Amino acid sequence: MGAHAAPGRGGRALWAPTVLLLLAVLLGVPRAEGAPVAADACRTTGTALPLGDCGPFWQVLAEDFNGDRVPLGSFDDCAHEVDTSAAYCGGLTGAYRDNWWAYPTGWPDTAGERGREVVGVYHPEDTVSVGPAENGDGRMFIRMWRPTDGGPVHAAAVVPRAVMQMRYGKYSARIKVTALAPGYKSAWLHYGGGCEMNHPEGEWTDDLTAFHHPCGGGEQGYFPGADDWTQWHTVSTEWTPGEVRFFVDGRLVGHDTRQVPDRPLSWVLQNESALRGPGAAPGSSAQLDITWVAAYAYDWE
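Residues numbered from 1 in each chain as written. Predicted model: local features only at pLDDT ≥ 70, side-chain atom pairs only at ≥ 80, totals over all residues. Heavy atoms only, no water.

A few words on the overall build of the chain. Looking only at helices and strands, one finds three helices and 16 strands in the chain. The contacts in the chain between residues at least 6 apart in sequence include a share of 66% that link residues at least 24 apart. As presented, the chain carries roughly 13700 Å² of accessible surface, and 52% of it is formed by carbon and sulfur atoms. (Helix = DSSP H or I, 4+ residues; strand = E, 2+ residues; numbered from the N terminus. Contact = heavy atoms within 4.5 Å. Areas by Shrake-Rupley, 256 points an atom, 1.4 Å probe, with all protein chains shown as cover.)

Written as structure tokens, this is what we have:
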């Protein structure tokens, strides 16, 4: 039972500071001195690649892209064992062939299903590369573009093989749109069997948003944000039995418990043509940089 303040002017519950501090920790709100308190399992607001296990999550992937070079053209010949944990891209070699897959060239993106005037087609061979940025930071570059003749957008969806067909887990990355143009978006997701969890999602000219589509239908969970794609952000999804939580920079931005998936799903870093607003202009391009990716299994499942 909680303690109660004596009645009268100025009376105050003795447990109030403790409750407020607990809420701050759980919700990831700033402390009085301005330092943020992370609410995600790794309890960090830093910018570096997190290393090690976090609470019930066991790290199975930690990639910072430093020292690696994968030129354009390497993410080619990806139509092998598609959508399975055995999938691979024949154009990749070494660790990248072991660790990464991409939607094969020629697959249509979501805009085609929605009847959009401007649609996209996946072309990992001319949109995805890995190398150092101008400041030397290793990154995966996703540069989507539309031909000057007005053809379909060249889109890209990359998939970390270490967490393909995995049930539950924590999935994190640090991202920034470094070249902005209307008509391009991301929808990073887990989906299958009538279930879908999307984070981050949205047109790059809007804010980061998260969605949860309950298994078997029902009203979607919609969690709008106020974070700009053109700033660096750490995005995370924590998926555990009966629960999914979405975070930006360690701050909880969405939470749902309705018909959460309980089956193995793959984490797809999907980037494609816009579903809202203007389509990409002929000759335009836009780019998303990923400076690290980390993923975790849940209780070794």
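So, on to the pairing of strand 4 (residues 128–132). Most of strand 4 is tucked away, with four of its five residues classed as buried. As defined by bridge partners, strand 4 adjoins strand 5 (residues 138–145) across five bridges and the pair is classed as antiparallel. Paired with Ser129 across the two strands is Phe141, which belongs to strand 5. In textbook terms, the turn of a hairpin is the stretch between consecutive antiparallel strands, and for strand 4 and strand 5 this stretch comprises five residues, one of which, Gly136, has a positive phi near 90°. (Buried < 20%, exposed > 50% of the residue type's maximum accessible area, 1.4 Å probe, protein only. Pairing = 2+ DSSP bridges.)

Now for the packing of aromatic side chains. Inspection of every chain in the model, using the stated rule, returns 13 aromatic pairs. For the ring pair Tyr103 and Tyr122, a centre distance of 5.2 Å and an interplane angle of 90° mean the geometry is edge-to-face. Here the residue Tyr103 occupies a position in the loop between strand 2 (100–102) and helix 3 (110–113), and Tyr122 occupies one in strand 3 (residues 120–122), the gap between them amounting to 19 residues. The burial state of Tyr103 is the same as that of Tyr122; both residues are buried. By way of ring pairs, the aromatic residues Phe57, Tyr168, Trp239 and Tyr298 are connected into one cluster. Against the face of Phe247 rests Lys170, its NZ or CZ located 5.7 Å from the ring centre. (Phe/Tyr/Trp six-rings, centres within 6.5 Å; stacked < 30°, edge-to-face > 60°. Lys NZ or Arg CZ within 6 Å of the ring centre and 35° of its normal.)

In total, this model carries three disulfides according to the counting rule given. Each sulfur in the disulfide pair Cys42 and Cys54 lies 2.2 Å from the other. Given an S-S torsion of about 90°, the disulfide between Cys42 and Cys54 has right-handed geometry. In this pair, Cys42 sits in the loop between helix 1 (16–27) and strand 1 (57–63) while Cys54 sits in the loop between helix 1 and strand 1, placing the two residues 12 residues apart along the sequence. This pair shows no difference in class: Cys42 is buried, exactly as Cys54 is. For Cys195, the disulfide goes to Cys215, at an S-S distance of 2.0 Å. (Disulfide = S-S within 2.5 Å.)

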